[in-house]
Amino acid sequence: GKSTLLAALAARGHAVRPEAGRQIVREQTHVGGDALPWLDAGGFVMLAASRTMHLFNAAGSPSKPVFFDRSLVDLTSFLDMKGIAVPAHLRRAVDLYRYAPGVFVVPPWREIYVSDDERPKPFEDACREYEALVAGYRAAGYALIEVPRTGVAARADFVEEYLER
């Protein structure tokens, strides 16, 4: 749902930044590395955090909204969910790399959920991850804007209409 929504927003001319994690999974798989979320969660998060900060910095100070697939909050929430200590510098990064006060969230939707080689997890795990993300974003001081479970065009309309207000 989220990736499809972002693709629709990009097709409408909005700036979109990809999820760093998927690229890291592809790279690590290609080179036989172990910095994968299911093998070395800490190593994966450190690579993803660096890439996520780069994507944020590369956006500069745009005059129009930029949509990020994931943020540093996703990474700290992932570690929290796994019961892995979050390094102090990563918690500090969450405080320094601030996005808009309102963050769009796309809840898991069984009818369209797809597990693949880059995200090999059952729907129930995606639901647990979503709950951890919601808690993480709230703890970081963001207001959550839930995108409704509708067709992709209607979801993109919802986002655009929200931004117009």
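As shown above, the structure is provided for reference.
Along each chain, residue indices are assigned from 1 in the same order as the chain's sequence is written. Note on the predicted model: pLDDT of at least 70 is required for a residue's local features to be given, and 80 or more for side-chain atom pairs to be given and counted; whole-chain, interface and lining totals, by contrast, use all residues. Side-chain measures here rest on the full set of heavy atoms in the structure, leaving out hydrogens and waters.

Considerations on the pairing of strand E4 (residues 143–146)
This is how the line gets drawn: For two strands to be treated as a pair, DSSP must find no fewer than two bridges joining them. Per the convention used, a helix needs a DSSP run of H or I reaching at least four residues, while a strand needs a run of E reaching at least two, with both numbered from the N terminus. Orient the strands so they point away from the viewer, and a crossover whose first-strand-to-second-strand path over the helix runs clockwise is right-handed.
As paired strands, strand E3 (residues 102–105) and E4 are joined by 4 bridges and run parallel to one another. Across the sheet, the residue bridging to Phe104 is Ile145, located in E4. Each parallel crossover has a hand, and for E3 linked through helix H6 (residues 123–139) to E4 it is right-handed.

Quick look at the layout of surface pockets
Definition in use: Here a cavity denotes a set of grid points, spaced 1 Å apart and computed over the protein atoms alone, in which a 1.4 Å probe fits but from which it cannot get out, and a pocket denotes an open set meeting protein on both sides within 12 Å along at least five of seven lines; residues with an atom within 4 Å of a point are reported as lining. Grid points are joined across faces, edges and corners, and a volume is the space filled by probe spheres set on the points. In the scheme used here, Gly and all other residues not listed as nonpolar or charged are polar, with Ala, Val, Leu, Ile, Met, Phe, Trp, Tyr, Cys and Pro taken as nonpolar and Asp, Glu, Lys and Arg as charged.
The volume enclosed by the second largest pocket comes to roughly 550 Å³. Around the second largest pocket, the lining comprises 24 residues; the ones closest to its centre are Pro37, Phe44, Phe78, Lys121 and Glu129. Put simply, the parts of the chain that give the lining of the second largest pocket at least two residues each are helix H2 (20–31), helix H3 (41–58), helix H4 (72–82) and H6. Here the lining of the second largest pocket takes 5 residues from H4, the largest share from any one element. The class makeup of the residues in the lining of the second largest pocket is 11 nonpolar, 2 polar and 11 charged.

Things to note about the packing of aromatic side chains
For clarity, the threshold we go by: Note on aromatic pairs: the rings of Phe, Tyr and Trp (six-membered ring only in Trp) are paired at centre separations within 6.5 Å, and the planes decide the class, stacked below 30 degrees, edge-to-face beyond 60, tilted for the rest. For every residue, the accessible area (1.4 Å probe, protein chains only) is compared with the maximum for its type, and the residue is labelled buried under 20%, exposed over 50%, or partly exposed between those bounds. Lysine and arginine charges are scored as sitting over a ring when NZ or CZ, respectively, is within 6 Å of the ring centre and within 35 degrees of the ring normal.
Under the counting rule described, the total for this entry stands at 8 aromatic pairs. When the ring of Phe104 is compared with that of Tyr162, the centres are 5.5 Å apart and the planes differ by 80°; the resulting orientation is edge-to-face. Taken as a pair, Phe104 in strand E3 and Tyr162 in helix H7 (residues 152–164) lie far apart in primary sequence, 58 residues in all. Overall, the relative accessible area of 22% leaves Phe104 in the partly exposed class. Pairwise contacts between aromatic rings join Phe56, Phe68, Tyr97 and Tyr99 into one cluster. Over the face of the ring belonging to Tyr142 we find Arg98, whose NZ or CZ atom lies 4.2 Å from the ring centre.

A short note on the packing of helix H1 (residues 2–11) against H7
For any two helices packed against each other, one specifies the inter-axial angle together with the distance between the axes. Rules: Here, axes are lines fitted to C-alpha atoms. For helices the fit covers the stretch in contact, and angles between N-to-C directions go from 0 to 180 degrees. Between 65 and 115 degrees an angle is taken as roughly perpendicular, under 35 as roughly parallel, over 145 as roughly antiparallel, and anywhere else as oblique. Less than a right angle of anticlockwise turn of the near helix away from the far helix marks a crossing as left-handed, whereas a clockwise turn marks it as right-handed. Should any heavy atoms of two residues lie within 4.5 Å, those residues are counted as being in contact.
Relative orientation of the contacting elements H1 and H7 amounts to 65°, with a least axis distance of 9 Å. Classified by the interaxial angle, the pair formed by H1 and H7 is roughly perpendicular. Considering only the axes of H1 and H7, their crossing is right-handed. For the pair H1 and H7, contact is made by Thr4, Leu5, Ala8 and Leu9 and by Val152, Arg155, Ala156, Val159 and Glu160, respectively. Partitioned by chemical class, the residues of the contact of H1 with H7 number 6 nonpolar, 1 polar and 2 charged.

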